[in-house]
Amino acid sequence: TKEITDVLQQLGVKETNPAYSTGLVWGGQEGRQTRTITSPADGNTIATVSMATPEDYEKVVQTAQEAFKSWRKVTSPKRGEIVRQIGDKLRQHKEALGKLVSYEMGKIYQEGLGEVQEMIDICDFAVGLSRQLHGYTMHSERPQHRMYEQYHPLGIVGVISAFNFPVAVWSWNTMLAAVCGDVVIWKPSEKTPLTGIACQHILREVLAENELPEGIFNLVIGDAEIGSLMSHDKRIPLVSATGSTRMGKKVGEAVGARLGKSLLELGGNNAIILTENADLEMALRAIVFGAVGTCGQRCTSTRRLIIHENVYEQVKERLLKIYPNLPIGHPLDSTTLVGPLIDKEAVQAFTAALENVQQEGGTLLTGGEVLSGDGYETGTYVKPAIVEAQNQYEMVQEETFAPILYLIKYKGDVENAIELQNGVRQGLSSSIFSTNLLETEAFLSHWGSDCGIANVNIGTSGAEIGGAFGGEKDTGGGRESGSDAWRVYMRRQTNTINYSRELPLAQGIRFDI
Ligand code: UN1
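Below or above, wherever it landed, is the structure these notes cover. (Residues numbered from 1 in each chain as written. Predicted model: local features only at pLDDT ≥ 70, side-chain atom pairs only at ≥ 80, totals over all residues. Heavy atoms only, no water.)

Section: the pattern of salt bridges
Keep this limit in mind: By definition here, a salt bridge exists when the distance from a side-chain nitrogen of Lys or Arg to a carboxyl oxygen of Asp or Glu is within 4 Å. Put simply, DSSP H or I for four residues or longer makes a helix, DSSP E for two residues or longer makes a strand, and each gets a number counted from the N terminus. Throughout, exposure labels follow a simple rule: accessible area from a 1.4 Å probe, protein chains only, divided by the maximum for the residue type, with under 20% read as buried, over 50% as exposed, and the rest as partly exposed.
Scanning all chains against the criterion turns up 26 salt bridges. In this structure, aspartate 474 and arginine 425 form a salt bridge, with 3.7 Å as the shortest nitrogen-oxygen distance. With a gap of 49 residues between them, aspartate 474 in the loop between strand S22 (472–473) and strand S23 (480–481) and arginine 425 in the loop between helix H14 (414–422) and strand S18 (426–427) connect regions that are remote in the sequence. You can call aspartate 474 partly exposed: its relative accessible area is 21%. The exposure class assigned to arginine 425 is partly exposed, which follows from its relative accessible area of 41%. Residues participating in the shared-partner salt-bridge network are Glu81, Arg84, Asp88, Arg91 and Asp124.

Here it is, written out as structure tokens:
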């Protein structure tokens with residue numbers, strides 16, 4: 001359509017696109033395999049990309065290494081100024097980028113805009129941070145000595161991002177890495193590379209306007225093979241990867257084997273606890289947004305609802321009134337609340353999970369159909385499902401990246417609900433709805449939620465960039481975005497300085513020569 005053609009033109013995405021970019025220079029088109037990117041919304045081809053070869057990758061790494069030598073010498077506030085300019089350009093292109101995110105990935109336009117807003121927000125955060133890369137100072141045990149800590153740039157940061165947040169998670173990593181003095185090589189998901197190409201065009205303008213060298217911000221379009229090259233590459237001291245636990249284990253093992261650092265943001269199996277003291281009206285909006293937002297394809301999507309027996313029937317009844325009326329359709333249509341799944345494989349996973357959980361004893365209460373007919377020709381649209389289930393079911397223990405909400409009943413004390421909430425392998429996000437302080441504080445206490453994110457009276461998804469984002473257990477343990485997550489992008493150095501004319505040894509050791 002004209003709308004999409006305009007967006008692509010504004011963002012510099014061509015009909016055919018090269019395989020890599022070193023910031024200023026684009027490369028790799030002839031003689032390479034190509035991938036056609038179609039929209040899950042209507043099945044139309046958006047554009048094609050070339051796939052990078054190992055030689056392309058090698059070229060990018062070498063350019064990045066070279067760029068690091070000069071970028072690390074630029075002062076951090078000056079690097080922040082570059083990020084500020086990137087943020088300004090993202091503001092200018094917010095609508096177009098939001099539309100492309102929506103059309104390429106399938107999330108509704110409002111959520112596409114929200115994703116671009118996260119990028120703008122992290123730019124602002126990083127600009128402030130560029131003057132606050134603080135280390136501690138300590139008192140030395142030796143007279144006329146002082147000690148302090150500095151944080152220095154690491155080198156190349158590899159970013160492997162997922163289709164569900166095709167650009168926001170990259171920007172959290174890249175904007176922090178940039179002010180920290182690192183250079184970045186980004187491999188976006190092969191399912192959503194076009195938003196990556198669009199962002200790279202924006203960065204290119206900023207690099208050119210500031211006469212910066214190529215190699216600071218790099219993009220490589222590739223599949224798991226390129227991801228594997230990055231994980232094994234000694235020249236990449238930090239690999240930040242977002243995706244499934246299966247993928248994260250591979251990356252973590254490869255990076256660990258060479259004693260590199262990895263930052264893993266993997267699967268979640270997020271629950272909302274509804275106690276007897278929950279404000280149900282508030283909770284319902286959070287539950288529905290958490291469970292069907294991004295068609296259940298956020299790491300933070302609400303997958304389990306742990307409900308007190310006294311309010312269980314009431315909650316179930318309310319949800320069963322809301323779910324059948326959810327507007328499902330084209331993500332760019334402003335009345336839509338539920339867009340398509342990313343592809344047919346995702347639809348199969350959705351359908352299979354529902355079959356399996358019913359075999360285990362679960363009861364499908366609503367939804368689960370794959371939609372067909374007018375507007376649904378792609379076969380990627382599904383009706384969000386609600387299933388009554390038990391926490392220990394195998395399917396409930398797994399993260400299915402689709403809109404399935406499991407209802408689980410609990411009895412008695414909030415501690416029983418917390419035990420269920422913690423009783424899965426993953427540990428990303430969690431929340432409780434209650435107006436009772438004793439319950440909410442127990443949930444937040446050291447015997448409470450074991451997740452990286454624990455919320456009170458808001459849902460599991462939609463975290464703000466200012467906090468550290470990530471989770472425990474199978475979620476991988478990494479923290480990105482706000483708070484002091486920047487530290488992982490730097491190497492720490494302890495410095496001890498002697499300003500006396502003596503050489504006292506630490507620990508009072510005597511050593512006379
Ligand atoms: C993800 O799904 O990988 O908290 C990131 C949220 C968003 C980010 C999710 N701010 O839902």
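Concerning the sheet that holds strand S4 (residues 34–38)
Going by this rule: Whether two strands pair depends on DSSP finding at least two bridges between them.
Spatially, S1-S5-S4 is the arrangement adopted by the three strands of the open sheet, whose pairing is mixed. Pairing within the sheet leaves two strands with one partner each, and these edge strands are strand S1 (16–17) and S4. Pairing analysis gives two bridges linking S1 to strand S5 (residues 45–50), with the strands arranged parallel. If you follow asparagine 17 over to S5, its bridge partner there is valine 49.

Here's the deal with the side chain of threonine 195
Cut-off, in case you're wondering: Polar contacts, as used here, are pairs of N or O atoms within 3.5 Å; protein pairs need one atom able to donate a hydrogen and one able to accept it. Residues neighboring in sequence count only if both atoms are side-chain atoms. Contacts are residue-level and defined by heavy atoms, with any inter-residue pair within 4.5 Å sufficient.
Its place among the elements puts threonine 195 in helix H7 (residues 193–209). For threonine 195, the side chain forms a polar contact with the main-chain oxygen of threonine 192, separated by 3.3 Å. If sequence neighbours within four positions are ignored, threonine 195 has contacts with Leu100, Val101, Glu104, Pro166 and Val167.

Quick notes on the nonpolar core
In plain terms, the rule: The term nonpolar core refers to a set of buried residues drawn from Ala, Val, Leu, Ile, Met, Phe, Trp, Tyr and Cys, joined through side-chain atoms within 4.5 Å.
One finds Val13, Ile86, Leu274, Leu305, Leu319 and Tyr323 to be the most contacted residues of the largest nonpolar core, which totals 154 residues. Residues within four places of leucine 305 in sequence aside, it is in contact with Ile272, Leu274, Ile287, Val315, Leu319, Leu405, Tyr406, Leu407 and Ile408.

Some details on the sheet that holds strand S10 (residues 217–220)
Where we set the bar: For every element, the axis is a line fit to its C-alpha atoms; helices are fit only across the contacting stretch, and the angle between N-to-C directions ranges from 0 to 180 degrees.
Strands sit in the order S3-S2-S10-S9-S8-S11-S12 across an open sheet of seven strands; the sheet is mixed. At either end of the open sheet lies a strand with only one pairing partner, and these are strand S3 (26–27) and strand S12 (261–265). Direction of pairing for strand S9 (residues 183–187) relative to S10: parallel, over a ladder of three bridges. Considered in S10, the bridge of tryptophan 186 is made with leucine 219. The strands touched by helix H2 (residues 54–71) are strand S2 (20–21), strand S8 (156–160), S9 and S10; relative to S9, the strand with the most contacts, the crossing angle is about 155°. Most of the contacts of helix H6 (residues 168–179) go to S8, to which it runs at about 175°, and overall it touches S8, S9, S10, strand S11 (238–242) and S12.

Points about the site of the ligand
We apply this condition: Residue proximity to a molecule or strand is established when one non-hydrogen atom of the residue lies within 4 Å of it. The protein chains shown are the only cover counted for residues, whose accessible areas, like all others here, come from Shrake-Rupley with a 1.4 Å probe. Following the grouping adopted for this structure description, the nonpolar residues are Ala, Val, Leu, Ile, Met, Phe, Trp, Tyr, Cys and Pro, the charged ones are Asp, Glu, Lys and Arg, and the polar ones are all others, Gly among them.
With respect to spatial proximity, the complete set of residues near the ligand consists of Glu118, Asn164, Phe165, Trp172, Glu265, Arg298, Cys299, Thr300, Ser461, Gly462, Ala463 and Phe469. Contacts to the ligand include cysteine 299, whose backbone N or O atom sits 2.8 Å from an oxygen atom. Note that an oxygen atom of the ligand is positioned 2.8 Å from one of the backbone N or O atoms of glycine 462. Protein chains bury 100% of the 320 Å² of accessible surface belonging to the ligand in isolation. Looking at the shell around the ligand residue by residue, the classes come out as five nonpolar, four polar and three charged.

Comments concerning the environment of arginine 72
Relative to the elements of secondary structure, arginine 72 occurs in the loop between H2 and helix H3 (76–92). Excluding residues within four positions of it along the chain, arginine 72 makes contact with Arg79, Pro153 and Gly181.

These figures come from the coordinates and say nothing about function on their own.
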